[in-house]
Amino acid sequence: MNNIEVLAVFISLFVLFVALGFWASRWRKGDMSDVGDWALAGRKIGSYLAWFLVGADLYTAYTFIAIPESLYIKGAVYFFAVPYVGITFGVAMITMPRLWKMSRKYGYVTAVDMVRDRFNSKSLAVIIALTGIVAELPYIALQIYGMQAVLKVMIGQLVMSNSTIITEIALIIAFIILAAFTFTSGLRGAVVTAVMKDVIIFVTVIVAIVAIPMLTGGFGHAFTAMASATKPPATGTYQLSGLFLNGFISLTIGSALALYLYPHAVNGVLSTSSTKKLRMSTALLPIYGVGLALLALFGVLAYGATKALPLIHTYGAVTTVPSLIYAYFPPWFVGFAFLGIFIGGLVPASIMAIAQANLLTRNVIKPYMKSMNPKLETRLSKYFSIMFKFIALTFIFAINATYSLQLQLVGGIIILQTLPSIFLALYSTKLNKWAVGVGWAFGQIVGLGLLIDANFVVAHGTSITTTFFKFSTPLGFFYAGMVGILVNLLVVAVGSLIAGAARPKAVASPGAGGRK
């Protein structure tokens, strides 16, 4: 393999990516000192660009790093990502057009703006905003984890010594560049670069899913090799019977409910120019689900790929997809594909950081800082977007996730607890703010408590090692986030009913034609 050629193609395309990111500030030029223009691209995104933008939220490192890696290590339960995306687009069709209409009518920039008005509570809005900010951090970290996987293989093969240090330096440089064009271009930069990212990724997936089975003996050979393997996945299973079936179902439902609660997903939705275009772009999103299903199968193909297995064993299962590409394609295509995966982490990270910055400035600081004008709000959001990128970068250097999907699923446990305050509040005005707040607290305690219990406290008496996202019950493994949200919903329902029954009924004035 000519590693210099790989690097040359990668760097050349990355330069083009950066140029597009900075150029985007002039595309459909608006007032970049206005938060609506900077953070929502002026709310002018059409159907197809919205499809690319929201697709950028789905086709992330989660898709081409975390899912194939998890399928390779743990087995069939991680194919939950395929039905989950189909369900989540149905959730989006029900909830997002309504949120869009309310946002356009009242000038909302975040979903938390709606929460503040719906419940007439700054405190509840701050709680939900901080929840969104925290939940995004592990999701951004997942993007960095995926970028790191590409650099591990590319730099590791080019420079055998000091590759870790060089990888970390490369990540820092990439994030400095990302911070710069996000600062200047805002969401416009993400929209334009998302088109480039998705074109590269679609080409890579189509070529790889056709060529790799032909070069490795096909799926039959791969499944046979996977079934006979003992390590990895040492703790996995290849069937969804018994213990794992409920885990599969709960992961599917929990993840489907969580995606459009994330602030970055809402950001993409609110940037569209009309509900018609929003619905059209959402209707097209299942195309990404097909790509996700194909990418998930890379975790199976790796077992029959004898040329890729040494790389996977050297650099870790997180490099499953990069290792397959590196082992079976010419250098120019490797550089092309690696750039797609790399910016597939950068683009979503920029959208997530913008969403976090909006929440902190608009929903945490602004309510208590009456002197904040629109220009100061936008300026603070720009600086906070830089801050959040580097917090996430520090986060990934500081932790050692056993496998990358843990990061996204931990964020899911946290963000799921905002469901009553956002999704239910879109359709009901009868929820009590205190019940919603207490339900949020109970949901977080249960979800995160089970997470800690499963990993650090109790040995559950099973040969299946518990991990960051499931715990043992008499019914098998369940996603802790789903248990948390069920408790949350119960508290909200009971609390709102009690509060409604205790509220004194309005008595009509006799002079107004009513009766005492």
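For the structure, check the block above.
Scoring rules and cut-offs
The residue numbers shown here count from 1 along each chain, following its written sequence. Where totals are concerned, whole chains, interfaces and linings use all residues; where local detail is concerned, this predicted model gives features only for residues with pLDDT of at least 70, and gives and counts side-chain atom pairs only at 80 or more. Processing note: side-chain calculations cover all non-hydrogen atoms of the structure and skip hydrogens and water entirely. Each helix is a run of DSSP H or I of at least 4 residues and each strand a run of E of at least 2, with the numbering of both proceeding from the N terminus. Basic side-chain nitrogens of Lys or Arg form a salt bridge, by our definition, when they fall within 4 Å of a carboxyl oxygen of Asp or Glu. The criterion is simple. A nonpolar core is a set of buried Ala, Val, Leu, Ile, Met, Phe, Trp, Tyr and Cys residues joined through side-chain atoms within 4.5 Å. Remark: exposure states derive from per-residue accessible area (1.4 Å probe, protein chains only) relative to the maximum for the residue type, with buried under 20%, exposed over 50%, and partly exposed in between. Residue contacts are counted whenever heavy atoms from the two residues lie within 4.5 Å of one another. Any N or O atom pair separated by 3.5 Å or less is treated as a polar contact, with the protein-specific requirement of one donor-capable and one acceptor-capable atom, and with residues adjacent in sequence counted only for side-chain atom pairs. Each patch is assembled from residues with relative accessible area greater than 30% and no salt bridge, linking like charges that lie within 9 Å and nonpolar side chains (Val, Leu, Ile, Met, Phe, Trp, Tyr) that lie within 5 Å. Reported accessibility uses the Shrake-Rupley method at a 1.4 Å probe radius. Residues are deemed covered only where the shown protein chains occlude them. The convention is simple: Lys and Arg are positive, Asp and Glu are negative, and His and the chain ends are not counted. Taken as the charge centre is NZ of Lys, CZ of Arg, CG of Asp or CD of Glu, depending on the residue. In this scheme Phe, Tyr and Trp rings, the latter by its six-membered ring, pair at centre separations within 6.5 Å, and the angle between planes marks the pair as stacked below 30 degrees, edge-to-face above 60, and tilted otherwise. The criterion is that NZ of a Lys, or CZ of an Arg, lies within 6 Å of the ring centre and within 35 degrees of the ring normal, and then a charge sits over that ring. Orientation is described by axes fitted as lines to C-alpha atoms, over the contacting stretch for helices, and by angles from 0 to 180 degrees between their N-to-C directions. Roughly parallel here means an angle under 35 degrees, roughly antiparallel means over 145, roughly perpendicular means 65 to 115, and every remaining angle is called oblique. In a left-handed crossing the near helix is turned counterclockwise from the far helix by less than a right angle, and in a right-handed crossing that turn is clockwise. For this classification, the nonpolar set comprises Ala, Val, Leu, Ile, Met, Phe, Trp, Tyr, Cys and Pro, the charged set comprises Asp, Glu, Lys and Arg, and every other residue, Gly included, is treated as polar.

Asks: How do you make sense of unusual backbone geometry when you look at a structure like this?
Replies: Only a minority of non-glycine residues have a phi that is not negative, and only a minority of peptide bonds are not trans. Unlike most non-glycine residues, Asn120 shows phi in positive territory, near 50 degrees. In this structure, Asn120 sits in the loop between helix H6 (111–119) and helix H7 (122–158).

Asks: Explain the pattern of salt bridges to me, please; I cannot follow it from the model alone.
Replies: In a structure, side chains of opposite charge can pair up when their charged atoms sit close to one another. Counted by the stated rule, this structure contains seven salt bridges. Among the salt bridges present, the one from Asp198 reaches Lys197, with a minimum N-O distance of 2.7 Å. Between Arg362 and Glu377 there is a salt bridge, with the nearest N and O atoms lying 2.8 Å from each other. Within this pair, whereas Arg362 is found in helix H18 (residues 331–365), its partner Glu377 is found in helix H19 (residues 374–398), the two being separated by 15 residues in sequence.

Asks: Help me understand the nonpolar core, please; the structure alone is not making it clear to me.
Replies: For soluble globular proteins, the rule of thumb is that nonpolar side chains tend to be buried together. Tyr260 and Phe342 are the most contacted members of the largest nonpolar core, which has 175 residues in total. Residues in contact with Phe342, not counting those within four places in the same chain, are Phe10, Phe14, Met147, Val150, Leu151, Leu171 and Ala174.

Asks: How should I be thinking about the side chain of Ser496 in this particular structure?
Replies: You can see Ser496 is positioned in helix H23 (residues 480–502). Here the side chain of Ser496 touches Asn432 through a polar contact of 3.0 Å, landing on its backbone nitrogen. Leaving out residues up to four positions away in the same chain, Ser496 has contacts with Lys430, Leu431, Asn432 and Ala435.

Asks: I'm lost on helix H21 (residues 419–427) in this one. Help?
Replies: Along an α-helix, a turn takes 3.6 residues, which lines up residues three or four apart on a common side. Most of H21 sits inside the fold, with seven of its nine residues counted as buried. Where H21 is concerned, the buried positions are Leu419, Pro420, Ser421, Ile422, Phe423, Ala425 and Leu426.

Asks: Please clarify how a positive patch on the surface should be interpreted in this entry.
Replies: The grouping of Arg28, Lys44, Lys276 and Lys277 at the surface amounts to a positive patch. On the basis of relative accessibility, which here comes to 40%, the residue Arg28 falls in the partly exposed class.

Asks: I would appreciate a short explanation of a nonpolar patch on the surface in the present structure.
Replies: Taken together, Ile206, Val210, Met214 and Leu215 make up a surface patch of nonpolar side chains, about 440 Å² in accessible area. Mapped onto the elements, Val210 comes out in helix H9 (residues 187–216).

Asks: Explanation requested: the packing of aromatic side chains in the structure shown.
Replies: Each aromatic ring pair is summarised here by two numbers: the centre-to-centre distance and the angle between the ring planes. Here the structure, examined in full by the defined rule, presents 16 aromatic pairs. Ring centres 6.4 Å apart and planes at 70 degrees place the aromatic pair Phe175 and Phe390 in the edge-to-face group. Of this pair, Phe175 sits in helix H8 (residues 163–185) while Phe390 is found in helix H19, placing the two residues 215 residues apart along the sequence. Looking at Phe175, the relative accessible area reads 0%, which means it is buried. Here the basic side chain of Arg98 rests over the ring of Tyr427, its NZ or CZ set 4.7 Å away from the ring centre. Above the ring of Phe183, the side-chain terminus of Lys382 is found at 5.4 Å from the ring centroid.

Asks: Teacher, can you tell me more about the packing of helix H5 (residues 81–106) against helix H12 (residues 263–270) here?
Replies: Packed helices, taken two at a time, are described by the angle between their axes plus the distance between the axes. Across the interface, H5 lies against H12 with an axial gap of 10 Å and an inter-helix angle of 65 degrees. When the axis of H5 is compared with that of H12, the two are roughly perpendicular. Considering how the two elements wind past one another, H5 and H12 form a crossing that is right-handed. Taken together, the residues of H12 that come into contact with H5 (itself represented by Met96, Leu99, Trp100 and Ser103) are Val266, Val269 and Leu270. When grouped by side-chain class, the residues that make up the contact of H5 with H12 number six nonpolar, one polar and no charged.

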